[in-house]
Amino acid sequence: MQPNQFSPPTWRLFFMTACLFLTSCQLAELTDQIEPDTWEPSLAIPVFDTEIDLSELLNGNPAGENLQTENGLFVLIYRDSVRFEEVPVVAFAEDITQFVIDTLSFIPAPFSQGEIVQRIVYKTGTLDYTLFTSLTGSYTLEVEIPDATQAGQTLKGTHAVTGPGTFTFSLPMQGYDLVLDSGFFRLRHHLYDQSNGMEVDVDSLEVGMNNSSFYYLEGLFSDYPLNLPATDIEIPIFETLRADRIKLADPELTFTFENSFGFPVKLQVDEFSLFDAAGNKRSLQESVLSQGLDLNYPTVSEAGTTAITDYTLDKNNSNLQEVFSVLPTLVRYDMDAFASGKGPNETPIFLTDTSDMAAYIEMRLPLFMETENLVLLDTFDQTFDWPETDEVKNIEFKLVSDNGLPLDMDLQMLFLDGQGQVVDSLKEGNTPIILGANMDGNGEVVSSRVSNAFISLSPDRLNNLRQSSKIVVKTTVFTTDLSNGPVKLKDTYKLGLKMGLKIDLALDITD
Amino acid sequence: MQKHFLNIYTHIILLGLGLSIGSTAQAQMGIGEHFLPRLYSSTFTNPAFQQDSRFQLLLGSGGLFALHEGFNLGDILTATGGNTYELDMDGAINALDANNLLAISGSVTGPGAVLRIGTKGQIGLSTAVRTQNHILYPKDALGLLWRGNGAYIGEDVQVGPAMDFTTFGEVGLSFSWEIIKQIKVGARVKYLSGIQHISTEESNLTFRTDTTIYGLSFTSDYRIRTSGPAAIDPTDIQNFDPGNVAPSSLSFGGNSGFAFDLGLEVRPMENLRIGASIQDVGSINWDQNARNFHSQGTFAYGAVDPLKGQDSLGEGGIVQRLLNVVPEGLLDSVIGSLGFAEEQKNFSAPLRRKFNVSAFWEPIPVIGVGAMYQNMTIGDRSYQLTSLFASVKVGRALTLGLSYTGGMKANMVGFHTRMNAGPLQVYISADNILGVVSPLNANSGHIRIGTALTFGNPKGKSGA
């Protein structure tokens, strides 16, 4: 064999060398032998960063347009009004008919209730009269009420008749101002012979006033009760709220009465009650409305105007502060009024066909308040795509608040199963995680306060969360620095919220 | 989204582990090729070297070199008895330098030929396709991948890897001449044709997770250059489909360059050879689909504001709206937020330069010992390797060699063999046989296998 030729031992040595490299293939099996075989990175990511002012926060709340601002302060304002369901008729005009004989007769006012009517301005009505004559020939009939004038002219009718016969005439009284003397007005009539101009006697003249109504009525009348309907005011914003304690600093209840009747009215509140969501009732206690409030009214010389009476209840003259502490969802009130038919010292009163009386109620609840454990509840479907729990060791939310609201807040989430049962919650306890702003002694915010809160979700809790069908968000609110009194909720106050998420994973590296 | 996000991390980590494992299986610095006798490829490491055969035809050779400067599998996995290993990635990361090299290169050479000219000269022609790839990654980048950014809250983390992935073809013409009996000089001029290139020109990229709510931000001065038939967009690398690149476009194309090797051999004694060479001095001008992507500035990915632009909080109120915020597309947003600006701009990139000094002594004809110092320039860093070599000839047909190499955080024992069967020559050279015997403890690997036909071997001539 030549030394540089192929020899079996040489090749064997060469191939043994080559096969050494194949041992590295064993490495492929290593991944099955590694313990622990998990990769446990911790990921931290930002989730949201937002700022919202109190106006936006309250936008769309059940109070709707009832939530307004006054100099930046939020005020819940509820208004209601009632009017008399019927025009109070303190005097009734009746149809009258009587035969007159004398050419000048005194006719009583068309009232029969003991009123002493002194003046009437007719809106409707007719003066109807029927002449019967046995005379033959042509005659002229004149009928006049000298006490009824319109634009300087008396109410007067002139008619040609040819007798004998019966003749009926009617004069409209609309717009005539009839002034009565001791309840009577005068009526004159004359019948003239057209052939010689001589006055002749009438056989009979029947006079009536029919279908009378008036624009204006003046005199002395009877007293008259005015019934106002009972009314409810709903306050839906409080329907979803619960609180261990709430105290509004300056609730006000203002009554405004508009009266264009020219007579005295005494108004009395029969009931003013507030009901909370559970139906519990609290009654308003004060001393004026329950005893009767005399309303202003226009005098005869002020006829056509409206007199206004304002009356305000607050914490100083009522238990208003107390009754509103129940977070009322319904306010019910019922008032009665009593109209006097005479003015003081038997002075005449008046009424017109447009006289009106209305009561306006304004309930002003400035959100200048103290509260403890005020709870807001909200429920929505759980549709989030939470990660698989077998890959998660822990999830930790970091909530950073920059709170310019004078409210300490706690956020809790309750996880409900399909039957509505609570299966778990976001955290334990209800310690506020968002601390309220720094305050001055007047309930005003001086500066915002930054708080950090960490909320962890263990795999078990995360699993419960994933299996829940609904989430109830329970926000518990405390006004900041309770010992320092009420705080003001203003539209410029802002709440900054930021959230980061840190998730500790345990991933199978052989997967 | 989150699953996708994690999968990307998983794949990166496993890729790193895989490369580490792979590198131990296939190892090189070229020590065996340099010292084994009668190898055509020794002229690649020093063009002054001359073959003792009249003519050699290189049929082909292929080799891979891989090195992970940071850690090896043994640093990550500790045997706990039985067939199990305890994973200690944190310990391995802690032991890393601030920046760590992961390099993989390979080449396929041939066909080629070398011809002796008279007794003093030698010319050669060579062809090769070479790929040189490395990533210089910061320690904290790997820490960030393994531990997640939750472990680095409030810290500025350097994450920008410097990288260079270059694949090119070359045609080389070499010449060696014996000036005097003791001195030979040689040179190789190489025409280069760039195939594909991705590199970073600037690699400053700092990642920060804010302490407040973990807002993410990058501060960058990061420039990536790409060129080649595959118009790669590194900012959209996940959508790159290699299948869209026509194989024909990978042949010698529009990116050209030149490089040269220089060599010197001094033989103060007949059985002592001292050599010095410098390789790959040159560069490639990258013109084909040349793209520059530059990100400079600070780019933040903050939290979304779910209430912005909303007329109302809507049904469910603020809490539901806030909770509906899911960090969809977080990773895409973060990468997209780097604000890469693209510029079509040709560029030039140098090859990875290497400088060698070696000595080989044959005290007796069948035994040889050598030493070698290598300096490699990778990126803007230099790496040094020192090797010792010993070989024994088993007849004229077989040479076996062992080597030890230290440097680049590695202690490597190599094994090399060359065998001739008639004109057929086959060799296998591995610079780190420990990586095969004990793959867990290997940081690097090299292997090259080649075959050639040799003609006109003068009897009695020693190899190298």
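Rules and cut-offs
All residue numbers refer to position in the chain's written sequence, counted from 1. Each chain gets a letter, beginning with A, and each ligand a number, beginning with 1, in the order they are written. Restriction of local features to residues with pLDDT of at least 70 applies here, the model being predicted, together with a cutoff of 80 or more for giving and counting side-chain atom pairs; totals for whole chains, interfaces and linings are based on all residues. Only DSSP runs of H or I with at least four residues qualify as helices, and only runs of E with at least two residues qualify as strands; both kinds are numbered from the N terminus onward. Remark: C-beta atoms are placed from the backbone, and a residue is labelled buried if 20 or more other C-beta atoms sit within 10 Å of its own, exposed if 12 or fewer do, or partly exposed between those counts. Note on contacts: each residue gets a C-beta atom placed from the backbone, and two residues are in contact if those atoms are within 7 Å. Paired strands, in this sense, are two strands between which DSSP finds at least two bridges. Scored from 0 to 100, pLDDT records how confident the predictor is in each individual residue. For every element, the axis is a line fit to its C-alpha atoms; helices are fit only across the contacting stretch, and the angle between N-to-C directions ranges from 0 to 180 degrees.

The next point concerns the overall build of chain B. Within chain B, the regular secondary structure consists of nine helices and 22 strands. Relative to its 464 residues, chain B shows a buried fraction of 46%. Put simply, of all contacts in chain B between residues at least 6 apart along the chain, 68% involve residues at least 24 apart.

Moving on, we get to the overall build of chain A. The helix and strand inventory of chain A stands at four helices and 37 strands. Put simply, chain A has 511 residues, and 31% of those count as buried. Long-range contacts, defined here as pairs at least 24 residues apart, represent 83% of the contacts in chain A between residues at least 6 apart.

This part is about the pairing of strand E24 (residues 349-352) of chain A. One face of the sheet, then the other: side chains in a regular strand alternate in exactly this way. All names here are of chain A. Burial of the side chains of E24 extends over both faces: Ile-349 and Leu-351 are buried on one face and Phe-350 and Thr-352 on the other. In this structure, strand E13 (residues 204-220) lies alongside E24, joined through four bridges in antiparallel fashion. Among the inter-strand pairings, Tyr-216 is bridged to a residue of E24, identified as Thr-352.

What follows deals with the pairing of E13 of chain A. Residues and elements named next belong to chain A. With five bridges joining them, strand E6 (residues 96-100) and E13 adopt antiparallel strand pairing. In the sheet register, Ile-96 faces E13, and the bridge partner there is Met-209. With 14 bridges joining them, strand E8 (residues 116-150) and E13 adopt antiparallel strand pairing. Within E13, the position partnered with Thr-124 by the bridge is Ser-213.

Residues and elements named next belong to chain B. Of all residues in chain B, 81% have pLDDT values of 70 or greater, and the mean over the chain is 81. In this model, residues 1-28 is a region of pLDDT below 50 whose contacts with residues beyond four sequence positions or in other chains number 61 contacts. For residues 459-464, every residue scores under 50 in pLDDT, and the model assigns this stretch 13 contacts once sequence neighbours within four places are set aside. Scored as a whole, the predicted complex attains pTM 0.71, and scored at its interfaces, ipTM 0.74.

It is worth spelling out the sheet that holds strand E28 (residues 392-403) of chain A at this point. Residue and element names in this part refer to chain A. One open sheet accounts for four strands, arranged E3-E36-E28-E33; its pairing is antiparallel. The open sheet has two edge strands, strand E3 (42-53) and strand E33 (449-457), and neither has a second partner. Here the strands of the sheet are splayed against their neighbours by 15° on average, with no regard to which way each runs. Across eleven bridges, the pairing between E3 and strand E36 (residues 494-505) is antiparallel. Bridge assignment links Thr-50 to a residue of E36, and that residue is Leu-497. Contacts from helix H4 (residues 459-467) reach E28 and E33 within the one sheet, and its direction differs from that of E28 by about 80°.

Residues and elements named next belong to chain A. Overall, antiparallel pairing links the three strands, which are arranged E17-E26-E35 in an open sheet. Both edges of this open sheet fall to strand E17 (245-248) and strand E35 (487-488), since each of them pairs with a single strand only. The pairing of strand E26 (residues 368-372) with E35 spans two bridges and is antiparallel. Considered in E35, the bridge of Phe-368 is made with Lys-488.

This next bit is on the confidence of the model for chain A. The share of residues in chain A with pLDDT of 70 or more is 88%, and the mean pLDDT across the chain is 84. Within the model, the stretch residues 1-25 of chain A combines pLDDT values under 50 with 31 contacts to residues more than four positions away or in other chains.

In this section: unusual backbone geometry. All names here are of chain A. Cis geometry marks the peptide bond from Gly-163 to Pro-164, where omega comes out at -5°. The backbone of Glu-346 sits at a positive phi, close to 60°, despite the residue not being glycine. Summarising the element assignment, Glu-346 is placed in the loop between strand E23 (330-339) and E24. Look at Glu-346 and you get exposed, because 8 C-beta atoms sit within 10 Å.

A few words on the environment of Ile-428 of chain B. Residue and element names in this part refer to chain B. Turning to its location among the elements, Ile-428 is positioned in strand E21 (residues 424-430). In this structure Ile-428 comes out as buried when scored by C-beta crowding, with 22 C-beta atoms within 10 Å. For the pair Ile-428 and Gly-62, spaced 366 residues apart in sequence, the C-alpha to C-alpha distance is 9.9 Å.

This paragraph deals with the environment of Arg-291 of chain B. Residue and element names in this part refer to chain B. Note on placement: Arg-291 falls in strand E13 (residues 291-301). Between the C-alpha atoms of Arg-291 and Thr-399, which are 108 residues apart in sequence, the distance is 49 Å. Residues within four places of Arg-291 in sequence aside, it is in contact with Thr-226, Glu-342 and Gln-344.

Residue and element names in this part refer to chain B. Mapping Phe-218 onto the fold places it in strand E10 (residues 216-227). A residue is classified by how many C-beta atoms lie within 10 Å of it, and Phe-218, with 22 of them, is buried. Along the primary structure Phe-218 and Phe-207 are separated by eleven residues, whereas in three dimensions their C-alpha atoms are 4.6 Å apart. When near neighbours in sequence (up to four residues on either side) are disregarded, Phe-218 contacts Leu-205, Thr-206, Phe-207, Phe-299 and Leu-338.

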